[in-house]
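If you want the building blocks of each chain, they are given just below.
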Number of protein chains: 2
Amino acid sequence: MRLTRYSDYSLRVLMYLGLRRNQLATIDEISKAYGISRAHLMKVVHELGRAGYLETVRGRGGGLRLAQDLDAIRVGDVVRRTEANMDLVECFDTKTNTCRIESACALRGVLEEALEAFMATLDGYTLADLVARRRRPLSELLSLT
Amino acid sequence: MRLTRYSDYSLRVLMYLGLRRNQLATIDEISKAYGISRAHLMKVVHELGRAGYLETVRGRGGGLRLAQDLDAIRVGDVVRRTEANMDLVECFDTKTNTCRIESACALRGVLEEALEAFMATLDGYTLADLVARRRRPLSELLSLT
């Protein structure tokens with residue numbers, strides 16, 4: 001069980017922009033800071049923009065910045081958007097399910113409850129919590145001024 | 001985010017044997033009941049045997065049965081064994097992690113807490129809960145006598 005790399009990168013981009021506050025950042029800069037390819041980041045940034053989490057300022061000197069306050073962006077909401085598939089087992093998708101015991105089996109309900117507990121935990125945190133000052137400041141590791 | 005097919009099949013095999021109580025079941029029979037290939041089931045059964053959840057009676061008229069009581073088998077424990085990789089994001093494995101901000105980032109801690117909530121929910125259920133009688137008995141769907 002793991003999150004997609006896409007979710008991982010999305011959260012990292014939001015954390016980067018969160019540390020930048022209102023300063024603009026570029027994809028090149030984020031790519032260098034994390035060692036993630038531009039191609040991966042382009043897709044991530046596009047989708048985060050569509051979701052309303054970040055905005056792009058075009059033209060010379062342009063770049064990216066958060067479109068919402070740090071404490072308005074819930075980690076759970078981001079993960080719900082970036083994880084395309086939260087079907088823990090086959091029977092979560094009744095359209096494609098082939099398991100014959102689905103109508104009587106209690107497993108799906110148990111797994112759904114566990115998933116709710118997982119997401120409820122993530123809903124208890126915002127982007128502000130992720131970038132809060134720790135022993136070693138994140139901004140230092142990302143070489144931000 | 002999803003569980004491996006391997007975890008899904010492992011839980012299904014245990015449920016099948018749970019409904020059989022002390023009667024022996026064969027891999028062929030389980031394969032037909034769920035429409036899962038014998039090859040997949042062989043591996044699942046082997047590992048469930050190694051984990052001490054089921055035992056094999058060899059020879060003519062032999063087969064499989066649970067090696068523990070239904071209410072002694074916790075769903076969480078099964079999933080911990082069958083999910084080879086619970087590294088939700090890259091930095092969970094410090095040996096292979098390439099993310100540079102790991103030492104300062106709070107994301108890992110948040111995801112670990114969410115994973116604990118997920119597993120704690122599963123630990124609240126046993127195999128007995130999964131096969132408990134529901135509107136339509138599981139045994140009927142599996143054509144068990």
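Rules and cut-offs
- Residues numbered from 1 in each chain as written.
- Chains lettered and ligands numbered in written order.
- Predicted model: local features only at pLDDT ≥ 70, side-chain atom pairs only at ≥ 80, totals over all residues.
- Pairing = 2+ DSSP bridges.
- Helix = DSSP H or I, 4+ residues; strand = E, 2+ residues; numbered from the N terminus.
- Least-squares fit on C-alpha atoms with pLDDT ≥ 70 in both.
- Contact = placed C-beta atoms within 7 Å.
- Buried ≥ 20, exposed ≤ 12 C-beta atoms within 10 Å, placed from the backbone.
- Axes fitted to C-alpha atoms, helices over the stretch in contact; angles between N-to-C directions.
- Parallel < 35°, antiparallel > 145°, perpendicular 65-115°, else oblique.
- Left-handed = near helix turned anticlockwise from the far one by under 90°.
- Core = buried A, V, L, I, M, F, W, Y, C linked by C-beta atoms within 7 Å.
- Nonpolar A, V, L, I, M, F, W, Y, C, P; charged D, E, K, R; others polar.
- Expected span 1.5 Å × (residues − 1).
- pLDDT = per-residue confidence, 0-100.
- Arc of directions from axis to C-beta.

Asker: Run through the pairing of strand E2 (residues 63-66) of chain A, naming residues and quoting values.
Answerer: Residue and element names in this part refer to chain A. Examined bridge by bridge, strand E1 (residues 54-57) and E2 share four bridges and lie antiparallel to one another. Within E2, the residue paired with Glu 55 across the bridge is Arg 65. In this structure, the hairpin formed by E1 and E2 is closed by a connection of five residues, where Gly 59 is found at a positive phi of approximately 90 degrees.

Asker: Please provide a residue-by-residue account of the relation of the copies chain A and chain B, values included.
Answerer: Superposing chain A onto chain B takes a rotation of 180 degrees combined with a translation of 0.0 Å along the rotation axis, leaving an RMSD of 0.0 Å. Both copies of the chain, as the preceding transformation shows, are related through a two-fold rotation axis. A high fraction, 100%, of the interface residues of chain A reappear at the interface in chain B, so the copies pair face to face through one surface.

Asker: Account for the environment of B:Thr94, naming residues and giving values.
Answerer: Within the secondary structure layout, B:Thr94 lies in the loop between helix H4 (75-82) and helix H5 (107-123). You can call B:Thr94 exposed: it has 8 C-beta atoms within 10 Å.

Asker: Can you tell me about the packing of helix H2 (residues 27-34) of chain B against helix H3 (residues 38-50) of chain B, naming the residues and giving the values?
Answerer: All names here are of chain B. Interhelical geometry of H2 versus H3 gives an angle of 120 degrees and a closest axis separation of 10 Å. Judged on the interaxial angle alone, H3 and H2 are oblique. For the crossing formed where H2 meets H3, the hand is right-handed. Within the contact between the two elements, H2 uses Ile 27, Asp 28, Ile 30 and Ser 31 and H3 uses Arg 38, Leu 41, Met 42 and Val 45.

Asker: How would you summarise the nonpolar core if you had to cite specific residues and measurements?
Answerer: In terms of nonpolar packing, the biggest core is built from 76 residues, with A:Val13, A:Leu14, A:Met15, B:Val13, B:Leu14 and B:Met15 touching the most fellow members. Excluding residues within four positions of it along the chain, A:Val13 makes contact with A:Ile30, A:Leu41, A:Val44, A:Val45 and A:Leu48.

Asker: Tell me about the interface of chain A and chain B, and name the residues and values.
Answerer: Taken together, the contact between chain A and chain B spans 43 residues of the former and 43 residues of the latter. Within the residue set of the side of chain A that touches chain B, elements represented by two or more residues are helix H1 (5-20), helix H5 (107-123), helix H6 (127-130) and helix H7 (138-141) of chain A. The greatest single-element share of the side of chain A that touches chain B, amounting to nine residues, is contributed by H5(A). Of the residues in the side of chain A that touches chain B, the class split is 28 nonpolar, five polar and ten charged.

Asker: Can you explain helix H1 (residues 5-20) of chain B? Please cite residues and give values.
Answerer: Between its first and last C-alpha atoms H1(B) spans 23 Å; for 16 residues at 1.5 Å apiece the expected length is 22 Å, and the two agree. H1(B) sits mainly inside the fold: 14 of its 16 residues count as buried.

Asker: Tell me about the confidence of the model for chain A, and please be specific about residues and values.
Answerer: On average, residues of chain A carry a pLDDT of 87, and 91% of them reach 70 or more. Predicted complex, confidence summary: ipTM 0.84, pTM 0.85.

Asker: Pulling in residues and values, what's your account of the packing of H1(A) against helix H4 (residues 75-82) of chain A?
Answerer: Residues and elements named next belong to chain A. H4 packs onto H1 with a crossing angle of 140 degrees between their chain directions and a minimal axis gap of 9 Å. Our classification of the angle between H1 and H4 gives oblique. When you trace H1 past H4, the crossing you get is right-handed. Residue-level inspection shows Tyr 6, Ser 7, Ser 10, Leu 11 and Leu 14 of H1 in contact with H4, the latter providing Val 78, Val 79 and Thr 82. Tallied by class, the residues present in the contact of H1 with H4 amount to five nonpolar, three polar and no charged.

Asker: Let's hear about H3(B): which residues, and what values?
Answerer: Residue and element names in this part refer to chain B. For H3, which comprises 13 residues, the first-to-last C-alpha distance of 18 Å matches the rise-based estimate of 18 Å (1.5 Å per residue) to within 8%. Looking only at H3, the buried set comprises Leu 41, Val 44, Val 45 and Leu 48. Along the axis of H3, the buried residues cluster in a sector spanning 100 degrees; they form a single face. In H3, the exposed positions angled more than 90 degrees off the buried face are occupied by Ala 39, Met 42, Lys 43, His 46 and Arg 50. Summarising the contacts, the buried residues of H3 are in contact with H1, H2, strand E1 (54-57) and strand E2 (63-66). Remark: Gly 52 follows H3 within two positions and exhibits a positive phi of approximately 85 degrees.

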